[in-house]
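# Breakdown of the fold
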Number of protein chains: 2
Amino acid sequence: MKNSSCPASNSKCSIGVFDSGYGGLTVLDELINNMPEYDFIYLGDNARAPYGTRSFDVIYEYTLQAVEKLFSMGCQLVILACNTASAKALRTIQQRDLPRLAPNRRVLGVIRPSVEALGALSQSKHVGVLGTVGTVRSESYLMEMAKLYPDFIVTQEACPTWVPLVENREFENEGGRYFIKKHIDSLLAKDRQIDTLILACTHYPILKTEIRNFLPDNIQLISQGQIVANRLIDYLERHPEIDKVCSKKGELKFYTTESISDFEEKASVFLNRKLKAQHIAMN
Amino acid sequence: MKNSSCPASNSKCSIGVFDSGYGGLTVLDELINNMPEYDFIYLGDNARAPYGTRSFDVIYEYTLQAVEKLFSMGCQLVILACNTASAKALRTIQQRDLPRLAPNRRVLGVIRPSVEALGALSQSKHVGVLGTVGTVRSESYLMEMAKLYPDFIVTQEACPTWVPLVENREFENEGGRYFIKKHIDSLLAKDRQIDTLILACTHYPILKTEIRNFLPDNIQLISQGQIVANRLIDYLERHPEIDKVCSKKGELKFYTTESISDFEEKASVFLNRKLKAQHIAMN
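Residue numbering note: each chain is counted from 1, following its sequence as written. Each chain takes a letter, starting from A, and each ligand takes a number, starting from 1, following the order in which they are written. Per-residue local features of the predicted model are confined to residues with pLDDT of at least 70, and side-chain atom pairs are confined, for both listing and counting, to 80 or more; whole-chain, interface and lining totals are unaffected and use all residues. Working from all heavy atoms in the structure, the side-chain values ignore hydrogens and water.

Under the convention used in this document: UniProt positions are given in the numbering used here, feature names are shortened, and annotations may be inferred rather than shown by experiment.
Per an unreviewed UniProt entry, the recorded name for chain A is Glutamate racemase, and the organism is Ancylomarina subtilis. On record in UniProt, under Sequence similarities (unreviewed entry), the comment for chain A is "Belongs to the aspartate/glutamate racemases family." In the Catalytic activity (unreviewed entry) part of its UniProt record, chain A is described as follows: "L-glutamate = D-glutamate".

As structure tokens, this is what we get:
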């Protein structure tokens, strides 16, 4: 890996935000809302998205490449704003790759803060996880919950059609509603005591209104953007050595492995603002 | 490119069949049925599939990498069994890359034979094309039809949810039928004189029974496997210099950029037989 010189004494770093596609922009949106003074670099591996149905080996390889790219741009801290990458690659990167590549840098995922939110919010101690096939099969939510909240019952449901529904804006019709209802019903049939549900894929907040329509009123529905933002603020308070090298000019940069014009058009829908992107090659 | 020695005087070559994912197996299936004595190498870029919504640049880059891999395995002839790759990459590869890389080798696509079938089968001279966003946007079917059958009316419909419906086996339910009917209705509303429709994505034959249910009886529905097989047999008859270097032991090899076990499990559904695959890296 090219080990960039940041943090040098005279330079400050952006916080890296990685996602396989566009969904991580829903997390970035909350980061910007809650931490507007910080600089962020978003990297979307759109030319190889979606990751949700790919194997462990492929997801790990692609995620590590992205983390190395963000490190080479000087990021001291990288958020994997993607549940599939967090579920399948984060632990190996933290335990095996970071000590070798960049022992002073940090990579954080979205699963740990999500699990903490589930634990804090559920009264019945029966919670539900809606995610991609990759996230569900990894059992990362089950393992993290078992560690932190061993007395909770966690039930998962994989929703493989939901990302295509979001990316093609096909969720506000009868066909879209069929697939949304199908997975909500399936999850709740598995455990009728669930009182808290997490949208464990960063695409799913776009479906929130439709999902809410099929949920009983007593079930809380939580998405990850705000949770991750709160957790990052807390993390930087506890790690002033990292916070002090974070640049705070409110600058945003966007990189994509896809064509710039495609990315700019689709990303503006997720982020609700106009943006300029740059191309980046991953291999 | 590593220029492999095949065809050497003492070696014979397999025919390469490339697809971004699993859909090309529906074409390979017909090739095996019609030409059981030939050897084939199938290469699926499953770790980066689907290509249907990607940009021109990305599809071209990925397709060229795959063609080079198949050449390096000695293939003298490569079939792009993928409409998106045929639409967006074939012409550039044929005109710009082949003369430089391998002037004696050939790369063929699925669009030209499909267009010839439409021209031969339609009585009304009004035909329809159902494809991915990439295939439709490329306008390759419109351009090829205009060259060969300038008096035909060609109407296209992009069906971006159909590949996820196939890959997740979600087409035999109310939600799947909604999206199948939606695009059939939309296409026929654009031109009520259509009498012949082509499934211009190699995933779509899996949906044939469901599609047929929403079509008036007088409309012919054609898929590409048989067409491509007929065309290849014809091509080899007209090019004995290529046919004579084709190995004819009936051997099949499968390569995937994804995990072998994932590929073997999913591929057996498309090909309706058990198979053994090998991993290949693309970069």
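### Thoughts on the domain arrangement of chain A
Residues and elements named next belong to chain A. Put simply, the rule is: Domain limits in this description derive from either an automatic procedure or a database domain assignment. Any pair of residues with heavy atoms lying within 4.5 Å of one another is described as a contacting pair. Accessible area that two parts lose when put together, with a 1.4 Å probe and added across both, is what the buried area reports. A side-chain nitrogen of Lys or Arg and a carboxyl oxygen of Asp or Glu constitute a salt bridge if their distance falls within 4 Å. In protein, a polar contact means a hydrogen-donor-capable atom and an acceptor-capable atom, both N or O and within 3.5 Å, with residues adjacent in sequence counting only if both atoms are side-chain atoms; elsewhere, any N or O pair within 3.5 Å suffices.
Entries for chain A in the domain assignment read domain 1 (15-109 + 226-279) and domain 2 (111-224). If you look at the interface, domain 1 gives 22 residues, while domain 2 gives 28 residues. Carbon and sulfur atoms make up 58% of the area that domain 1 and domain 2 hide from each other, which totals about 1,900 Å². Across the domain 1-domain 2 interface, the total number found is two salt bridges. Two residues, R91 and E144, come together in a salt bridge whose shortest N-O distance is 3.6 Å. The interface formed by domain 1 and domain 2 holds 14 residue pairs in polar contact (both at pLDDT 80 or more) in total.

### Considerations on the relation of the copies chain B and chain A
Stated precisely, the cut-off is as follows: A residue counts toward the fit only if its pLDDT is at least 70 in both copies, and the copies are then superposed by least squares on the C-alpha atoms of those residues.
For these two chains of identical sequence, chain B goes onto chain A by a turn of 180 degrees and a shift of 0.0 Å along the axis, with RMSD 0.0 Å. In symmetry terms, the pair is related by a two-fold rotation axis. Mapped onto chain A, 100% of the interface residues of chain B again fall at the interface, so both copies present the same surface.

### Regarding the state of the cysteines
All names here are of chain B. Stated formally: Two cysteine sulfur atoms form a disulfide, by the criterion used here, when they sit within 2.5 Å. Relative accessibility decides the category of a residue: with a 1.4 Å probe and only protein chains considered, values under 20% of the type maximum give buried, values over 50% give exposed, and everything between is partly exposed.
On inspection of all chains with the given rule, the structure shows zero disulfides over all chains. Free cysteine C159: the closest other cysteine sulfur is in C201, separated by 8.7 Å. A relative accessible area of 1% places C159 in the buried class. The thiol of C246 is not disulfide-bonded; the next cysteine sulfur, from C13, is found 7.1 Å away. By relative accessible area, C246 is classed as buried at 3%.

### Considerations on the interface of chain B and chain A
Heads up, the condition is: Helix and strand labels come from DSSP, where a helix needs a run of H or I of at least four residues and a strand needs a run of E of at least two; each type is numbered from the N terminus. Each residue gets one of three labels, nonpolar for Ala, Val, Leu, Ile, Met, Phe, Trp, Tyr, Cys and Pro, charged for Asp, Glu, Lys and Arg, and polar for the others, Gly among them.
If you look at the interface, chain B gives 30 residues, while chain A gives 30 residues. Inspection of the region where chain B meets chain A yields two salt bridges. The tally of links between chain B and chain A comes to twelve residue pairs in polar contact (both at pLDDT 80 or more). Elements that contribute at least two residues to the side of chain B that touches chain A include exactly helix 2 (56-72), helix 8 (162-167) and helix 9 (174-190) of chain B. A total of seven residues in the side of chain B that touches chain A trace back to one element, the largest contributor, which is helix 9 of chain B. Residues belonging to the side of chain B that touches chain A are distributed by class as follows: ten nonpolar, twelve polar and eight charged.

### Structural notes on the sheet that holds strand 7 (residues 196-199) of chain A
All names here are of chain A. Worth spelling out the cut-off: By definition, two strands form a pair when at least two bridges between them are found by DSSP. Lines are fitted to the C-alpha atoms to define the axes, a helix being fitted only along its stretch in contact, and any angle between axes, read from their N-to-C directions, falls within 0 to 180 degrees.
With parallel pairing, four strands are arranged side by side in an open sheet as 6-5-7-8. The outermost strands of the open sheet, each flanked by one partner alone, are strand 6 (153-158) and strand 8 (220-222). The sheet shows a mean angle of 20 degrees between the axes of neighbouring strands, direction not considered. Where strand 5 (residues 126-131) and strand 6 come together, six bridges link them in parallel fashion. Across the sheet, the residue bridging to V127 is V154, located in strand 6.

### Quick notes on the UniProt feature "active site" (unreviewed entry) in chain A
All names here are of chain A. Sites flagged by UniProt as "active site" (unreviewed entry) map to C82 and C201. Maximum C-alpha separation among the annotated residues is 6.8 Å over a sequence range of 120 residues, consistent with a single clustered spot. Along the chain, the position of C82 falls in the loop between strand 3 (77-80) and helix 3 (83-88). Given a relative accessible area of 4%, C82 falls into the buried group. When residues no more than four places from it in sequence are discounted, the contact partners of C82 are F18, D19, S20 and V110. Looking at the element boundaries, C201 is found in the loop between strand 7 and helix 10 (208-213). Look at C201 and you get buried, because its relative accessible area is 7%. Beyond its immediate stretch of four places on either side in the chain, C201 contacts N83, L130, T132, V163 and Q224.

### What to know about the packing of helix 9 (residues 174-190) of chain A against helix 9 of chain B
Spelled out, the test is: Comment on the angle field: the value is read as roughly parallel under 35 degrees, roughly antiparallel over 145, roughly perpendicular from 65 to 115, and oblique elsewhere. Handedness of a crossing is defined here by the sense of rotation of the near helix relative to the far one, left-handed for an anticlockwise turn of less than a right angle and right-handed for a clockwise turn.
Their axes nearest at 8 Å, the elements helix 9 of chain A and helix 9 of chain B cross at an angle of 160 degrees. For the element pair helix 9 of chain A / helix 9 of chain B, the angle class is roughly antiparallel. The element helix 9 of chain A and its partner helix 9 of chain B pack so that their crossing is left-handed. Only E174(B), G175(B), G176(B), Y178(B) and F179(B) of helix 9 of chain B make contact with helix 9 of chain A, whose side of the interface consists of E174(A), G175(A), G176(A), Y178(A) and F179(A).

### As for the pairing of strand 9 (residues 252-256) of chain A
Residues and elements named next belong to chain A. Rules: Convention used here: a crossover is right-handed provided that the path from the first strand, over the helix, to the second strand proceeds clockwise when the strands point away from the viewer.
Examined bridge by bridge, strand 2 (residues 40-44) and strand 9 share five bridges and lie parallel to one another. What sits directly across from L43, in strand 9, is Y255. In this sheet, strand 10 (residues 277-279) lies alongside strand 9 in parallel orientation, the contact comprising three bridges. The residue bridging Y255 from the neighbouring strand is Q278, located in strand 10. The handedness of the strand 9 to strand 10 crossover, carried by helix 13 (residues 260-271), is right-handed.

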